[in-house]
Amino acid sequence: MIPIPAINLGSILPALILCAAGLVVLAVGLFVRRGAVTVAALISLVGIVLAFMTNSPLRALNAEAFSGLVAADSFCWFLNILILIAVGLTVLISAKYLADEGMALPEYFVLLLFCAAGMMFMVSGNHILVIFIGLETLSISVYVLAGIHPAIPRSQESALKYLLLGAFSSGLFLYGAALLYGSAGSLALPALAKYFQAGSTSLMAKAGMGLLLIGFGFKVAAVPFHMWTPDVYEGAPTPITAFMSVGVKAAAFAAFVRVFFDSLAALQVNWSQILWVLALVTMILGNLAALVQDNIKRMLAYSSIAHAGYILVGMVAGHTEGTSALLYYLLAYTFTNMGAFGVVALVGRKGEANNMIDDYRGLAKLHPLLAVTMAIFLFSLAGVPPTAGFVGKFTIFSAAVKEGYVGLVIVGVLTSAISVYYYFRVVMKMYMEAPATEPQALHFGPAVVVGLLIAAVGVLYIGIFPITYLDLAAKSVMPLF
Amino acid sequence: METLMFYILSVVTVGSAVFVVLLRRPVYNVLFMILTMIGLAGFFILLRAEFVAMVQLIVYAGAIMVLFLFVIMLLNIDQIRPPVQARDIRWWAGALIAFALFGLILVVIKGIVLPAMETAVVAGQSNTELVAKELFTTYLLPFEIASVLLLAAIIGTVVLIRKQS
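Residues numbered from 1 in each chain as written. Chains lettered and ligands numbered in written order. Predicted model: local features only at pLDDT ≥ 70, side-chain atom pairs only at ≥ 80, totals over all residues. Heavy atoms only, no water.

### Some words on the domain arrangement of chain B
Residues and elements named next belong to chain B.
Point 1. Domain boundaries assigned for chain B yield domain 1 (1-78) and domain 2 (119-165).
Point 2. Of note, the centres of domain 1 and domain 2, computed from C-alpha atoms alone, are 22 Å apart.
Point 3. In this complex, domain 1 contributes 4 residues to the contact, which on the side of domain 2 involves 5 residues.
Point 4. For the domain 1 and domain 2 pair, buried surface summed over both sides reaches about 390 Å², with 67% attributable to carbon and sulfur atoms. (Domains from an automatic or database assignment. Contact = heavy atoms within 4.5 Å. Buried area = accessible area lost by both parts, 1.4 Å probe.)

The following block contains the structure:
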C-alpha cells in the first residue's frame, strides 16, 4: 500500500472555486447563444464572491497543506483578497469593452478565472515547483488574453512579444531553480531556508538566486527587464492591460517576497544590494520615459514600471515594516490602477480608438463625474493626500529611511515629483482645455460604473482611514519572519 | 565503459546542438535537434533515470520535433532563406553578452561541489515506479494544477485559431 498524504482542500478552496467557475462558464458558453458575455460575466462574479467568502478562514489557519507544498497563511489570505479585487474589477470593466468591440467570447472569462487561480497557487506556494506551475498557469492565460482581440494586429503582436520574452524569462527562472536544487537538494522553501541558515553559500546557489531574481524581475516589469511592458500594455485589450498591471504584478511580487524573505533570508546582504540598484534605475527610467508619451495606455505602462520601482524600495527596506508597507502599497495600487484603466476602457472606442492623452481634452465639461473619478485615480498614482497612493508611498519611504536607505528615498521622492507632471498633464487636459469639436457620446454600462465606483471609494477610504489596513498588512507578513 | 559512453554521447549531443544553430535549412536544424534530444536521453540512461530518458524520447524527440517537421513541410518554410544578417554593432554586442554569460556559467559550473544525495536507485524498484509514487502522493497538487494549465492552453489555442475564420 502506498500511504496517501492528507488532502486539505480547504487550504486551496478559493482557487478551486475559481477553477470550477471557469469550467461552468466554459460549459454554459457552449449552449447560450445570445448574451453569452453577460451570462459569463455574471457566473464569474458569483465565483469571485464565493471565493472571497471561502478565503477568510485561511487567515487564521496558518498551516501547511499537501505535504508542505502549500502554505495557507495570512500572507496568502491578504494576496488572495488583492487578486479577487483585481479580477472582480476586471470582469466589471470588461463587459462594456467586449460589447463595444463586438467580441462575443465567453472564453475570455474562463481564461481570466484560470489566470486568477494560477495567481492564488503562486502566492500560496511553499515550494518552488508550485510557484512555477502557478506562474505558468497565469502566464499562458495572459499571453492568450493579450492577443484575444480578433481585429487588431497590434493585439496579436503584443501577445507574441509577451510569449517569446515570457518563455525566455521562465527558462531563466527554471535554470535558477535547478541550480538551487543542485546546491540544497530540495526546492521546498523551508528546506532552502534551513540550507542557507546553516551558512553554506556556494557560488552555484548564488547564481541560482540571481536567475530567480531575473525571472521575477521580468514579471514585475523592473528595469532592465521591462522592455516588453510598453508594447504589450499598449497592444493588449484595455481591461487585460489593467489586470496585467495589477494582478500579475501583485502575484509576482508576493512570490518574490515569499521566496526571498522566507528561504533566501540568509543571503539578504547579497540580494538587497541588487534590488537597491534595480529600484533606483526602475524609478528613474519609468518616470522619465512616461513624461514623453502621447498614448495614455503607454503612459500608464511606464507609470506602472515606475511603481514597480517604489515597491522594490519596500523590498530593499525589508523586515516587517518594509514588507507590510509593500503589501499596503499593492492594495492601494490595485484600486488606483484598476480605476485609471477602467476610465481608459470607458473613454476608449471600438478598435482601441480614443486612447491618446489629447482625447481627454474637455472631459470635465462633457462628463464632470467621470473627470472627477479619473482625477482621483491620477492624484493617487502621483501620491497626493488624502488618497491611498500617498499613504502607500509615505509608509514605504519611511520604512526605507528607518533602515538607512536615505539616498534611495531621495531619488524616490524626486522621481515622484517628476511623475506629478505627466499625471497632472491629463488632469489639465480634462479641466483646462476645450473639448474636441464633435464629441461623441460615451456609452456608460452599469457594470463599468459600479466597478469605477468601487475603485474610487476604495482609493479614498483606505487613504483616509489607513490605520486598519496598515495593521492588516503588518499582521499578514508575520508568517514570513 | 561508462566514461567512454559519456564522451561519445557528449560529442554527439554538443556537436549536433552546434549544427542546429549553424545550418541554414530548417529541416536540417530540426533533424539535428532530434539527435540532440536522443543524446540527452542517453545521458539520462547513464544516470539510471530511465523514466526521464523515455519521456525525453517519446515527448521531445518523438512528438514535439515531429510537429516541428510537420509545420516546416506544410508551410514550405524550407524555401524561404533567412537573409544573412549584417554584422553591425548590435551583432557584436549580442555576441559579447552571450560569451560573457557563457563565461559566467563556466565559472559557476567549475566551482560546483555537489552535495552527497541519497541515491535514487532502490533495489527491486524501477525508476518509473518511484516517480509515479512521488507524483501521486507528495507532488499531487502541482500535478493537478498542471491540468488547469493545460486546459487554459487548449482553450487559448482554440480561441486564437477560431477567430481567424
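Additional details are given in the paragraphs that follow.
### Focus: the nonpolar core
Point 1. With 195 residues, the main nonpolar core has F260(A), M315(A) and Y360(A) as its most contacted residues.
Point 2. Residues in contact with M315(A), not counting those within four places in the same chain, are F253(A), F256(A), V257(A), F260(A), F261(A), W271(A), L275(A) and L326(A). (Core = buried A, V, L, I, M, F, W, Y, C linked by side-chain atoms within 4.5 Å. Buried < 20%, exposed > 50% of the residue type's maximum accessible area, 1.4 Å probe, protein only.)

### Quick word on the pattern of salt bridges
Residue and element names in this part refer to chain A.
Point 1. Under the counting rule described, the total for this entry stands at 14 salt bridges over all chains.
Point 2. D100 is the salt-bridge partner of K96, the closest N and O atoms lying 2.9 Å from each other. Linking K96 with D100, this pair stays in helix 4 (residues 74-101), spanning 4 residues, or about one helical turn.
Point 3. Owing to a relative accessible area of 23%, D100 belongs among the partly exposed residues under this scheme.
Point 4. Across the salt bridge formed by E157 and K161, the nearest N and O atoms sit 3.2 Å from each other. Note that E157 and K161 are positioned in helix 7 (residues 153-184) at a spacing of 4 residues, about one turn of the helix.
Point 5. The exposure class assigned to E157 is partly exposed, which follows from its relative accessible area of 44%.
Point 6. We classify K161 as partly exposed; its relative accessible area is 29%.
Point 7. Each of the salt bridges in this network shares a partner with another, and the network as a whole consists of R154, E157, K161, D231, E234 and R298. (Salt bridge = Lys/Arg side-chain N within 4 Å of Asp/Glu carboxyl O. Helix = DSSP H or I, 4+ residues; strand = E, 2+ residues; numbered from the N terminus.)

### Some points on the environment of L13(A)
Point 1. Structurally, L13(A) can be placed in helix 1 (residues 13-31).
Point 2. L13(A) sits 41 residues away from T54(A) along the chain, and the two C-alpha atoms are 6.6 Å apart.

### Concerning unusual backbone geometry
Point 1. Cis geometry marks the peptide bond from V223(A) to P224(A), where omega comes out at 5°.
Point 2. The peptide bond linking P385(A) to P386(A) adopts the cis configuration, its omega dihedral lying at 5°.
Point 3. Not every positive phi belongs to a glycine, and A221(A) is a case in point at roughly 60°.
Point 4. Structurally, A221(A) can be placed in the loop between helix 9 (203-219) and helix 10 (229-235).
Point 5. The backbone of R48(B) sits at a positive phi, close to 60°, despite the residue not being glycine.
Point 6. Within the secondary structure, R48(B) is located in the loop between helix 2 (26-46) and helix 3 (50-75).
Point 7. Under the relative-accessibility criterion, R48(B) is labelled partly exposed at 46%.

### Considering helix 13 (residues 296-317) of chain A
Residues and elements named next belong to chain A.
Point 1. Helix length check: helix 13, at 22 residues, gives a terminal C-alpha distance of 32 Å against a target of 32 Å (1.5 Å per residue), a fit within 8%.
Point 2. For helix 13, the tally of buried residues reaches 22 of 22 residues, placing the bulk of the element in the interior.
Point 3. A side-chain oxygen of the first residue of helix 13 lies 2.8 Å from the backbone nitrogen of K297; this N-cap is N295.
Point 4. The positive-phi residue at the C-terminal boundary of helix 13 is G318, with phi of around 65°. (Expected span 1.5 Å × (residues − 1). Polar contact = N/O pair within 3.5 Å; in protein donor to acceptor, adjacent residues only side chain to side chain.)

### Describing the packing of helix 4 of chain A against helix 14 (residues 319-347) of chain A
Residues and elements named next belong to chain A.
Point 1. It is the contact of helix 4 with helix 14, at a shortest axis distance of 10 Å, that shows an interaxial angle of 5°. On the basis of their axis angle, the class for helix 4 and helix 14 is roughly parallel. Between helix 4, through F75, F78, L79, L82, I85, A86, L89, T90, I93 and K96, and helix 14, the contact on the second element is made entirely by L327, L330, L331, T334, F335, M338, G342, A345 and L346.
Point 2. Class assignment of the residues belonging to the contact of helix 4 with helix 14 gives a composition of 15 nonpolar, 3 polar and 1 charged. (Axes fitted to C-alpha atoms, helices over the stretch in contact; angles between N-to-C directions. Parallel < 35°, antiparallel > 145°, perpendicular 65-115°, else oblique. Nonpolar A, V, L, I, M, F, W, Y, C, P; charged D, E, K, R; others polar.)

### A look at the packing of aromatic side chains
Residue and element names in this part refer to chain A.
Point 1. In the structure shown here, the tally under the stated rule is 27 aromatic pairs over all chains.
Point 2. A centroid spacing of 6.4 Å and a plane angle of 75° characterise the contact between F216 and F260, whose relative ring orientation is edge-to-face. Of this pair, F216 sits in helix 9 while F260 sits in helix 11 (residues 238-263), and the two are 44 residues apart along the sequence. Assigned by exposure class, F216 and F260 land together as buried. (Phe/Tyr/Trp six-rings, centres within 6.5 Å; stacked < 30°, edge-to-face > 60°.)

### Considerations on the interface of chain A and chain B
Point 1. On the side of chain B, 27 residues touch chain A, which itself brings 40 residues to the contact.
Point 2. Carbon and sulfur atoms supply 85% of the area buried between chain A and chain B, which totals about 2800 Å² over both sides.
Point 3. At the surface where chain A touches chain B, the tally comes to 1 residue pair in polar contact (both at pLDDT 80 or more).
Point 4. Of all the secondary structure elements, the ones that give two or more residues to the side of chain A that touches chain B are helix 1, helix 5 (107-124), helix 6 (128-146), helix 7 and helix 9 of chain A.
Point 5. When residues in the side of chain A that touches chain B are grouped by element, the largest group, 8 residues, is from helix 6 of chain A.
Point 6. Broken down by class, the residue content of the side of chain A that touches chain B amounts to 28 nonpolar, 10 polar and 2 charged.

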